Amino acid sequence: MIYVLIFFITFKKEIFPISLILILALSRLIPHPYNFSPMLAVGIFSGFYFRQFYLSLFIVIFSMFIGDLVLGFHSLMFFTYVALAIAVLIGLYVKHFKFTEILYSGLASSVCFFIITNFGAWLTHGEMYAKNFSGLMQSYVMAIPFFQNTLISTFLYLLLFKLLFDLAVKKKIFKTSF
């Protein structure tokens, strides 16, 4: 109990952004097209805003885990979580959350997610893909239709974060030195 109190006192100024991130992360529980999720954007924004890898990673993984508790666990969880950790790392390199940084970080995290999770699909989906280079390439080709949803959702949610972040800074809800 005392640790929870210390946590909230220490991170009092972080409660609003953490709440915002969790709300958007929980939006993956709403019916949506495949791979249309806020999670990569949440990872990027967490890395940018908190500037602490472990706190940002905890927020993203915890958010994802909450959704997985409801939606169910799957064989690609490890690969998905690794890709989210990379999105957090990418967010750490975002300096001012400008539109060009949103474009590059969104593209980089989406491509990393595509490469990592489809490698995982090739590795874990038994007889679906041959366990050779041709099978690996087949897993990437078959996933191309889903990539556009990853890319679009990442950009849209990053833009939403940008608008909310700019508004919060303007209204002095967030204090920033960026």
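Preceding block: the structure.
Reference entry: report on the structure contained in this document. Sequence order sets the numbering: in each chain, residues are counted from 1 along the sequence as written. Local features in a predicted model are, by the rule used here, given only for residues with pLDDT of at least 70; side-chain atom pairs are given and counted only at 80 or more, and totals for whole chains, interfaces and linings are based on all residues. To obtain the side-chain values, all non-hydrogen atoms of the structure were used and water was disregarded.

## What about the overall build of the protein chain?
Right, so step 1: A tally of helices and strands in the protein chain yields seven helices and zero strands.
Right, so step 2: Each helix is a run of H or I in the DSSP string that is no shorter than four residues. Each strand is a run of E no shorter than two, and both are numbered from the N terminus. Put simply, the protein chain runs from its N terminus to its C terminus through helices and strands in the order α-α-α-α-α-α-α.
Right, so step 3: Categorising residues by exposure relies on relative accessible area from a 1.4 Å probe, with only protein chains included: less than 20% of the type maximum marks a residue as buried, more than 50% marks it as exposed, and the intermediate range marks it as partly exposed. Residues classed as buried in the protein chain amount to 44% of the 178 residues present.
Right, so step 4: In this analysis, two residues are considered to be in contact whenever any of their non-hydrogen atoms come within 4.5 Å of each other. Here the contacts in the protein chain between residues at least 6 apart in sequence split such that 73% fall between residues at least 24 apart.
Right, so step 5: Surface accessibility in these figures is a Shrake-Rupley result with a 1.4 Å probe; residues are shielded only by whichever protein chains are displayed. Of the roughly 10,300 Å² of accessible surface on the protein chain, 74% is carried by carbon and sulfur atoms.

## Points about the layout of surface pockets
Right, so step 1: Estimated volume of the largest pocket: approximately 940 Å³.
Right, so step 2: Any residue with an atom within 4 Å of a point lines the site, the site being either a cavity, points on a 1 Å grid over the protein atoms alone where a 1.4 Å probe fits but cannot get out, or a pocket, an open set with protein on both sides within 12 Å along at least 5 of 7 lines. In this structure, the largest pocket is lined by 33 residues; those nearest its centre are Tyr34, Asn35, Leu76, Thr80 and Phe113.
Right, so step 3: Listed by contribution, the elements that provide at least two residues to the lining of the largest pocket are helix H3 (39–50), helix H4 (53–71), helix H5 (77–92), helix H6 (99–124) and helix H7 (133–170).
Right, so step 4: Think of it as three bins: nonpolar holds Ala, Val, Leu, Ile, Met, Phe, Trp, Tyr, Cys and Pro, charged holds Asp, Glu, Lys and Arg, and polar takes everything else, Gly as well. Along the lines of polarity and charge, the residues of the lining of the largest pocket split into 17 nonpolar, 14 polar and two charged. Grid points are joined across faces, edges and corners, and a volume is the space filled by probe spheres set on the points.

## Quick look at the environment of Ile152
Right, so step 1: Inspection of the secondary structure puts Ile152 in helix H7.
Right, so step 2: Spatially, the C-alpha atoms of Ile152 and Gly106 are 9.1 Å apart, while their sequence positions differ by 46 residues.

## What about the side chain of Ser105?
Right, so step 1: Tracing the chain through its elements places Ser105 in helix H6.
Right, so step 2: Its relative accessible area of 4% is what places Ser105 among the buried residues.
Right, so step 3: Here Glu101 takes part through its backbone oxygen, which lies 2.7 Å from a polar atom of the side chain of Ser105.
Right, so step 4: Polar contacts involving the side chain of Ser105 include one to the main-chain carbonyl oxygen of Ile102, which spans 3.4 Å.
Right, so step 5: Residues within four places of Ser105 in sequence aside, it is in contact with Ile44, Ile90, Val94 and Leu158. In the analysis that follows, any N or O atom pair within 3.5 Å is treated as a polar contact, provided that within protein one partner can donate a hydrogen and the other can accept it, and provided that, for residues neighboring in sequence, both atoms belong to side chains.

## Digging into the nonpolar core
Right, so step 1: Ranked by size, the top nonpolar core spans 41 residues in total, and within it Ile21, Phe45, Phe48, Phe50, Phe97 and Phe161 carry the most contacts.
Right, so step 2: Broken down by element, this core gets its largest block of residues, nine residues, from H3. Side-chain atoms within 4.5 Å are what join buried Ala, Val, Leu, Ile, Met, Phe, Trp, Tyr and Cys residues into a set we call a nonpolar core.

In short, geometric facts, not functional conclusions.
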